[in-house]
Amino acid sequence: MGKITNPTLDLIENRASTRKFIEEPLTDDEKVAIVNAAFRAPNACNLMSYTILEIEDQDTKEKLAVLCDNQPWIAKAPMMLLFVADYQKWVDLYEYAKVEELDVDHREPGINELILGIWDALIAAQNSAVAAESMGIGTCYIGDVIENGEQVAELLDLPRYTFPIVILVYGRPTKEIPPRPRVTEYRLQKDRYHRLTDEEMQAQLDEMGALFSPHGHKPPASDYAQATYLEKHTSDFFREMERSVNWWIDRWTKGAE
């Protein structure tokens, strides 16, 4: 950690993902504070191109837990928010306002609107996570919600110009969780992108092995890249993620179902 410290920096420094929660609901005031923090996040062009779905129905929670790589613990979280990139609301508002009567070259929403919605949704999610952590409420990001696209869209009635970005679950941790180490070498570069030399790549693998192997996350440094390639890049869930992402994008850009 740097030389400057304050409660906010301490909070960020010590934050860790929470996957086990005590069976205690969040208060209404806590929920309002978390959601309001999300709404206060910066957003592109003041469009707020996202919608937050609070998932309260237990059956829906359990179905999402299955669709998100079969992780039952997700359904046990006291609070679940799904952050959705949403341009459908603007399409509907434009139609309601009869924009077709305007003398301009009309256009359909494109990938740029999707990217703006992704930015807005993620920034809002992180704002809510920091707010929750400040109240002693743990959080965990679930990116697997982009998988099984057809089933997620049907389950949640998501229309064409929406894209589920991330689920955040919230609850009080069952125990204090130490923060995991982070690889920092070469993550900050100056002015131009620099591709690592062989020596620098080996140094980075050495750092990763030293940081993560003692925690049981990966094998020694000499096998770190290969293990990651097998565990992540060529895994079944990454292949399904790729398929579903293409489905979500095709639906957005082509209307394909």
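For the structure, check the block above.
Anyway, here's the lowdown on the structure attached to this text.

Thresholds, definitions, all that
- Note that residues are indexed from 1 along each chain, following the sequence as it is written.
- For this predicted model, a pLDDT threshold of at least 70 governs which residues receive local features, and a threshold of 80 or more governs which side-chain atom pairs are given and counted, while totals over whole chains, interfaces and linings are taken from all residues.
- Only hydrogens and water are removed before side-chain values are computed, so all heavy atoms of the structure are retained for them.
- Detection works on a 1 Å grid of protein atoms alone, calling trapped sets that fit a 1.4 Å probe cavities and calling open sets with protein on both sides within 12 Å along at least five of seven lines pockets, with lining residues defined by an atom within 4 Å of a point.
- Grid points are joined across faces, edges and corners, and a volume is the space filled by probe spheres set on the points.
- Secondary structure counts use DSSP, requiring at least four H or I residues in a row for a helix and at least two E residues in a row for a strand, with both numbered from the N terminus.
- Residue polarity follows a fixed list, in which Ala, Val, Leu, Ile, Met, Phe, Trp, Tyr, Cys and Pro are nonpolar, Asp, Glu, Lys and Arg are charged, and the others, Gly among them, are polar.
- Three exposure classes are used, based on accessible area relative to the maximum for each residue type with a 1.4 Å probe and protein chains only: buried under 20%, partly exposed in between, and exposed over 50%.

### A few points about the layout of surface pockets
Right, so step 1: Of the voids in this model, the largest pocket is the one considered here, and its volume is about 1,400 Å³.
Right, so step 2: Lining the largest pocket are 43 residues, and of these Arg15, Ser17, Arg19, Arg180 and Arg182 sit closest to its centre.
Right, so step 3: Every residue lining the second largest pocket is counted, 14 residues in all, and those nearest its centre are Tyr94, Val99, His106, Arg107 and Glu108.
Right, so step 4: At 3 residues, the largest contribution of residues to the lining of the second largest pocket is made by helix H4 (residues 88-96).
Right, so step 5: A class-by-class count of the residues in the lining of the second largest pocket yields 8 nonpolar, 1 polar and 5 charged.

### Topic: unusual backbone geometry
Right, so step 1: The backbone of Asn70 sits at a positive phi, close to 50°, despite the residue not being glycine.
Right, so step 2: The topology assignment puts Asn70 in the loop between helix H3 (58-67) and strand E2 (79-86).
Right, so step 3: Phi is positive for Asp191, close to 70°, though the residue is something other than glycine.
Right, so step 4: Turning to its location among the elements, Asp191 is positioned in the loop between strand E4 (162-171) and helix H7 (198-212).
Right, so step 5: Overall, Asp191 belongs to the exposed group, its relative accessible area being 74%.

This is a description of form; function is not addressed.
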